[in-house]
Amino acid sequence: MSRGSHESVDPGLRKAAKRHLREEAIRVGLLLCALVSVATTFGVIMVLARETIGFFSEVSPLEFLFGTKWTPLLEPRHFGVLPLVGGTLLIVVGSAFVALPLGLGSAIYLSEYASERTRNWLKPVLEILAGIPTVVYGFFALTFITPLLKTMIPSTQVFNAAAGAIVVGIMILPMVASLCDDAMRSVPNALRQAGYALGATPMEVSTKIVLPASLSGVVASFILAASRAIGETMAVTLAAGATPNLTLNPLESIQTMTAYIVQVSLGDTPAGGVEYQTLFAVGALLFVITLGMNLLGQRVLRRYREVYE
């Protein structure tokens, strides 16, 4: 009797043990995936920090951060990064003027005005813009946007910040529109009905009820779009040029931080020298700027996040 009971219990115990082993293996596998991501991040930080420290051992941090001339590959050498930062900000601000109003307006239409049938075909068509290669956007800026700008403003240079900003704005437009639309559609319908019950018009409901209620998602989309604009490389390199120029005139040629990284990464600069180390110094500054934007975005999200029961 005891032996038969023991044999009848053993298969269940074995199955439970195998199930436990599988679950434990899955847990360890997922932990390894997370650790790989963390290790990769720390690896990137270590590489940037090591080369950047070597760069600052030869170049003053004050000269790097506040200098107004950037000619590390030419004689006489100057290592002031402000022209690259200024060019990057021109692209980011210009693309924001293009993408944020258009993206937010598209999201309001898709969320509040469009019928379900219209939304089902319009939103995928809008998101197709995100799948176009960035090189294609760069050539589009060179062959269409820049000639159009020169027609309206003859003083426009062949490579200019305005064309780069416009094309980057078109690139990040689907991100803004899609994320804002998702945020607005997540707002409870009861808030809309309450607004209509009080006599509000559809525009008032959209702008004074739905938009404030979805503010955290809208702000998140703006921050992600700005981060994408800061990190954009090929389209800006082709459209805006490679001239480190500290200017506020968007019709002149400029160079962004990412465009300079591409220039140095082409292989013409020998590894190990201070010219090569500028690649990591600029990359570290770009990393810090992006990290600061993300931290600011998280703070804004925590401040304005709306929670619905």
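Residues numbered from 1 in each chain as written. Predicted model: local features only at pLDDT ≥ 70, side-chain atom pairs only at ≥ 80, totals over all residues. Heavy atoms only, no water.

1. Thoughts on the overall build of the protein chain
In terms of regular secondary structure, the protein chain is built from twelve helices and zero strands. For 309 residues, the compact-globule estimate of 2.2 N^0.38 gives 19 Å, and the protein chain exceeds it by more than 25% at 26 Å. Over its C-alpha atoms, taken along the principal directions, the protein chain stretches across nearly 95 × 65 × 35 Å. The buried share of the protein chain, taken over its 309 residues, is 38%. For the protein chain, contacts bridging at least 24 residues in sequence account for 71% of all contacts bridging at least 6. (Helix = DSSP H or I, 4+ residues; strand = E, 2+ residues; numbered from the N terminus. Rg over C-alpha atoms; globule rule 2.2 N^0.38 Å. Buried < 20%, exposed > 50% of the residue type's maximum accessible area, 1.4 Å probe, protein only. Contact = heavy atoms within 4.5 Å.)

2. Details of the pattern of salt bridges
As a working rule, side chains carrying opposite charge can pair if their charged atoms are close by. Within this structure, the stated rule accounts for seven salt bridges. Among the salt bridges present, the one from Arg 192 reaches Glu 112, with a minimum N-O distance of 2.9 Å. One end of the pair, Arg 192, is in helix H7 (residues 189–197); the other, Glu 112, is in helix H3 (residues 82–113), with 80 residues separating them in the sequence. In this structure Arg 192 comes out as buried when scored by relative accessible area, which is 8%. When the shortest N-O distance is used, the salt bridge between Lys 123 and Asp 182 registers 2.9 Å. One end of the pair, Lys 123, is in helix H4 (residues 116–127); the other, Asp 182, is in helix H6 (residues 161–185), with 59 residues separating them in the sequence. Classification of Lys 123 by relative accessible area gives buried; the value is 11%. (Salt bridge = Lys/Arg side-chain N within 4 Å of Asp/Glu carboxyl O.)

3. What about the packing of H6 against helix H9 (residues 215–231)?
Contact geometry of H6 with H9 gives a least axis separation of 8 Å together with a crossing angle of 160°. Relative to H9, the element H6 lies roughly antiparallel. Seen along the crossing, H6 lies across H9 with a hand that is right-handed. Where H6 abuts H9, its residues Val 168, Met 171, Ile 172, Met 175, Val 176, Leu 179, Cys 180, Ala 183 and Met 184 lie against Gly 217, Val 218, Ser 221, Phe 222, Leu 224, Ala 225, Arg 228 and Ala 229. (Axes fitted to C-alpha atoms, helices over the stretch in contact; angles between N-to-C directions. Parallel < 35°, antiparallel > 145°, perpendicular 65-115°, else oblique. Left-handed = near helix turned anticlockwise from the far one by under 90°.)

4. Structural notes on the nonpolar core
By size, the foremost hydrophobic cluster in this structure holds 57 residues, and its most contacted members are Trp 70, Val 81 and Met 184. Excluding anything up to four places from it in sequence, Met 184 contacts Leu 104, Ala 107, Ile 108, Ser 111, Glu 112, Arg 192, Val 210, Leu 211, Ser 214 and Val 218. (Core = buried A, V, L, I, M, F, W, Y, C linked by side-chain atoms within 4.5 Å.)

5. Thoughts on H4
Taking 1.5 Å of rise per residue, twelve residues should cover 16 Å, and H4 covers 17 Å from first to last C-alpha, within 8% of that figure. Lining the buried residues of H4 we find H3 and H6. (Expected span 1.5 Å × (residues − 1).)

6. Observations regarding the packing of aromatic side chains
Geometrically, a pair of aromatic rings is defined through the distance of the ring centres and the angle of the planes. Here the structure, examined in full by the defined rule, presents eight aromatic pairs. A centroid spacing of 5.3 Å and a plane angle of 20° characterise the contact between Phe 140 and Phe 144, whose relative ring orientation is stacked. You can see Phe 140 and its partner Phe 144 sitting in helix H5 (residues 134–152), four residues apart, about one turn around the helix. Since its relative accessible area comes to 33%, Phe 140 is described here as partly exposed. Three or more aromatic residues link up through ring pairs in this structure, and these residues are Phe 55, Phe 56, Phe 64, Trp 70, Phe 79 and Tyr 260. (Phe/Tyr/Trp six-rings, centres within 6.5 Å; stacked < 30°, edge-to-face > 60°.)

7. Quick word on a positive patch on the surface
Residues Arg 14, Lys 15, Lys 18, Arg 19 and Arg 22 make up a contiguous surface patch of positive charge. Its place among the elements puts Arg 19 in helix H1 (residues 2–56). (Patch = residues over 30% accessible without salt bridge, like charges linked within 9 Å, V, L, I, M, F, W, Y side chains within 5 Å. Areas by Shrake-Rupley, 256 points an atom, 1.4 Å probe, with all protein chains shown as cover. Lys, Arg positive; Asp, Glu negative; His and termini not counted. Charge placed at Lys NZ, Arg CZ, Asp CG, Glu CD.)

8. Description of H9
Between its first and last C-alpha atoms H9 spans 24 Å; for 17 residues at 1.5 Å apiece the expected length is 24 Å, and the two agree. Of the positions making up H9, those classed as buried are Ser 216, Gly 217, Val 218, Val 219, Ser 221, Ile 223, Ala 225, Ala 226, Ser 227, Ala 229 and Ile 230.

9. Some words on the packing of H4 against H6
In a pair of packed helices, the angle between the axes and the distance between the axes together describe the arrangement. Axis separation between H4 and H6 bottoms out at 9 Å; the angle between their running directions is 145°. Of the residues in H6, those in contact with Glu 116, Arg 119, Lys 123, Leu 126 and Glu 127 of H4 are Leu 173, Pro 174, Ala 177, Ser 178, Asp 181, Asp 182 and Arg 185. Split into classes, the residues belonging to the contact of H4 with H6 amount to four nonpolar, one polar and seven charged. (Nonpolar A, V, L, I, M, F, W, Y, C, P; charged D, E, K, R; others polar.)

10. Focus on a nonpolar patch on the surface
Taken together, the side chains of Val 38, Phe 42, Ile 45, Phe 287, Val 288, Leu 291 and Leu 295 define a hydrophobic patch exposed on the protein surface, amounting to about 620 Å² of accessible area. Elements with a contribution of two residues or more to the nonpolar patch: H1 and helix H12 (274–304). At four residues, the largest contribution of residues to the nonpolar patch is made by H12. Along the polypeptide, Leu 291 turns up in helix H12.

11. Some details on the side chain of Thr 278
Checked against the element boundaries, Thr 278 lands in helix H12. Once residues lying within four places of it in the same chain are set aside, the contact partners of Thr 278 are Phe 55, Trp 70, Pro 72, Phe 79 and Tyr 260.

12. Some points on the environment of Gln 277
Along the chain, the position of Gln 277 falls in helix H12. Along the chain, Gln 277 and Gly 195 lie 82 residues apart, while their C-alpha atoms are 58 Å from each other. Apart from residues lying up to four places away in sequence, Gln 277 is in contact with Glu 51, Gly 54, Phe 55, Glu 58 and Gly 272.

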